[in-house]
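Listed below are the residues making up each chain.
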Amino acid sequence: MATNVLFATTLVCLMALSIFGFVEAYPQQFFQQQSQQPPRYEPITEVCLGCICESISSCNSTLACEGDVCGMFRITWAYWADSGKPVLQGDNPNDGQAYARCANDPTCARLSAVTYLTRFAQDCNRDGVIDCLDYAAIHKLGGYGCSAPLDQYYKNKYDACQRAVVELSGAPGAESGVDVRFNPAPEQQTQRPEAEQQQQLSFNN
């Protein structure tokens, strides 16, 4: 009987030490699991999308296809397909060049990006908030691998863009109230032919 009591006491002590050790080593993960609260969701804003674009390509709208990526958002065919294969008006998503035409068009590429990021929105860094940093990770690493570390060059450009936003706005997090617009910036509109400016997008599942 005494042996059983001693064994049970030892087991309880070991379990307590194990839990304490986990909490000490991983406090954030432990308390997030305990709270079981869903992450807070922040919408994809125009400013957030701009910082992703800046981080991935310096938002260069003249970029075309190179290797397996196209356009200013450096979109792959798989990314475009997962976003629902948006196309320019009158285009056919089954056409072999529809992907490139969309990814190389600023408006269509932005639609593809927002749709993809919305579809795969998740708390990649487990900080309790789905925010622009998570969207940046999803865009760069994909919807199934966004918890991996971002490469330092991309992360540095993203951080610099966010700092510039704060400095220009004078208020941290000011971008959270800006809605996403699916129209090219005014300077891009003036540089595009009139017929092209009037293009609209169709969305295909």
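What you see is a predicted model, and the numbers here were worked out from it, not measured in a lab.

Q: Looking at this structure, I do not really get the packing of aromatic side chains. What am I missing?
A: For any two aromatic rings, the description comes down to two numbers: the centre-to-centre distance and the angle of the planes. Inspection of every chain in the model, using the stated rule, returns 5 aromatic pairs. Residues Tyr79 and Tyr116 carry aromatic rings whose centres are separated by 3.9 Å and whose planes lie at 15° to one another, so their mutual orientation is stacked. Remark: Tyr116 occurs in helix α6 (residues 106–119) and Tyr79 occurs in helix α4 (residues 77–82); sequence separation between them is 37 residues. Under the relative-accessibility criterion, Tyr79 is labelled buried at 7%. Each ring, one from Trp80 and one from Tyr99, has its centre 5.8 Å from the other, and the planes form 50°; the classification is tilted. Pair noted here: Trp80 is in helix α4 and Tyr99 is in helix α5 (residues 98–103), with a separation of 19 residues, a long-range link. By the burial criterion, Trp80 is buried, and Tyr99 matches it.

Q: Help me understand the state of the cysteines in this model?
A: Every disulfide links exactly two cysteines, by a covalent bond between their sulfur atoms. Tallied over the full model, the rule gives 6 disulfides. Bridging Cys48 to Cys132, the disulfide has an S-S length of 2.1 Å. With the S-S dihedral at roughly 100°, the linkage between Cys48 and Cys132 falls on the right-handed side. Linking Cys48 in helix α3 (residues 46–57) with Cys132 in helix α7 (residues 132–141), this pair joins segments that are 84 residues apart in sequence. The two residues Cys48 and Cys132 agree in class, both being buried.

Q: How should the packing of α3 against α7 be read in this particular structure?
A: A pair of packed helices is characterised by two quantities: the angle between their axes and the separation of those axes. Two elements in contact, α3 and α7, have axes separated by 10 Å at closest approach and are oriented at 40°. Here α3 is positioned oblique relative to α7, judged by the angle of their axes. For the element pair α3 and α7, the recorded crossing hand is right-handed. Contacts from Cys48, Ile52 and Ile56 in α3 reach Cys132, Tyr135, Ala136, His139 and Lys140 in α7. Of the residues assigned to the contact of α3 with α7, the class counts are 6 nonpolar, 1 polar and 1 charged.

Q: When you look at the pattern of salt bridges in this model, what are you seeing that I'm missing?
A: Pairing between side chains becomes possible if they bear opposite charge and their charged atoms approach one another. Summed over the entire model, instances satisfying the criterion amount to 8 salt bridges. Note that Asp91 and Arg101 form a salt bridge whose closest N and O atoms lie 2.7 Å from each other. Placement of the pair is Asp91 in the loop between β4 (87–88) and α5 and Arg101 in helix α5, with a sequence separation of 10 residues. On the accessibility criterion, Arg101 (34% relative accessible area) is partly exposed. Among the ionic pairs, Arg101 bridges to Asp95, the shortest N-O distance being 3.2 Å. For Asp95, a relative accessible area of 34% corresponds to the partly exposed category.

Q: Would you take a moment to explain the nonpolar core for this structure?
A: Taken as a class, soluble globular proteins show a tendency for nonpolar side chains to be buried jointly. Phe73, Ile75, Leu117, Tyr135 and Ile138 are the most contacted members of the largest nonpolar core, which totals 40 residues. Those elements that provide at least two residues to this core are α3, α4, β4, α5, α6, α7 and α8 (152–169). Here Phe73 is in contact with Leu49, Cys53, Ile56, Ala109, Arg110, Ala113 and His139, once residues within four sequence places are set aside.

Q: Would you mind showing me how to read the side chain of Ser55 here?
A: Here Ser55 is to be found in helix α3. Judged by relative accessible area, Ser55 falls into the buried class, the value being 3%. Setting aside its immediate chain neighbours within four residues, Ser55 contacts Tyr154, Lys157 and Tyr158.

Q: When you look at the environment of Gly143 in this model, what are you seeing that I'm missing?
A: Here Gly143 lies in the loop between α7 and α8. The contact partners of Gly143, leaving out residues within four places of it in the chain, are Tyr116, Phe120, Gln122 and Ile138.

Q: Help me out: how do you make sense of α8 in this one?
A: Three- or four-residue spacings in an α-helix give side chains the same orientation, since the helix completes a turn every 3.6 residues. Given a rise of 1.5 Å per residue, 18 residues ought to cover 26 Å, and the 26 Å separating the end C-alpha atoms of α8 matches this to within 8%. Within the sequence span of α8, burial applies to Tyr154, Lys157, Tyr158, Cys161, Gln162 and Val165. Along the axis of α8, the buried positions cluster into a sector of 135°, meaning they face one direction only. α8 presents Gln152, Tyr153, Arg163 and Glu167 as exposed residues on the side facing more than 90 degrees away from its buried surface. Where α8 is buried, its residues touch α3 and α7. The backbone nitrogen of Tyr153 has a side-chain oxygen 3.2 Å away, supplied by the residue at the start of α8, namely Asp151. In the segment just after α8, Gly170 is the residue with positive phi, at about 80°.

What counts and what doesn't
- Residues numbered from 1 in each chain as written.
- Predicted model: local features only at pLDDT ≥ 70, side-chain atom pairs only at ≥ 80, totals over all residues.
- Heavy atoms only, no water.
- Phe/Tyr/Trp six-rings, centres within 6.5 Å; stacked < 30°, edge-to-face > 60°.
- Helix = DSSP H or I, 4+ residues; strand = E, 2+ residues; numbered from the N terminus.
- Buried < 20%, exposed > 50% of the residue type's maximum accessible area, 1.4 Å probe, protein only.
- Disulfide = S-S within 2.5 Å.
- Axes fitted to C-alpha atoms, helices over the stretch in contact; angles between N-to-C directions.
- Parallel < 35°, antiparallel > 145°, perpendicular 65-115°, else oblique.
- Left-handed = near helix turned anticlockwise from the far one by under 90°.
- Contact = heavy atoms within 4.5 Å.
- Nonpolar A, V, L, I, M, F, W, Y, C, P; charged D, E, K, R; others polar.
- Salt bridge = Lys/Arg side-chain N within 4 Å of Asp/Glu carboxyl O.
- Core = buried A, V, L, I, M, F, W, Y, C linked by side-chain atoms within 4.5 Å.
- Expected span 1.5 Å × (residues − 1).
- Arc of directions from axis to C-beta.
- Polar contact = N/O pair within 3.5 Å; in protein donor to acceptor, adjacent residues only side chain to side chain.

Any link to function would need more than the numbers given here.
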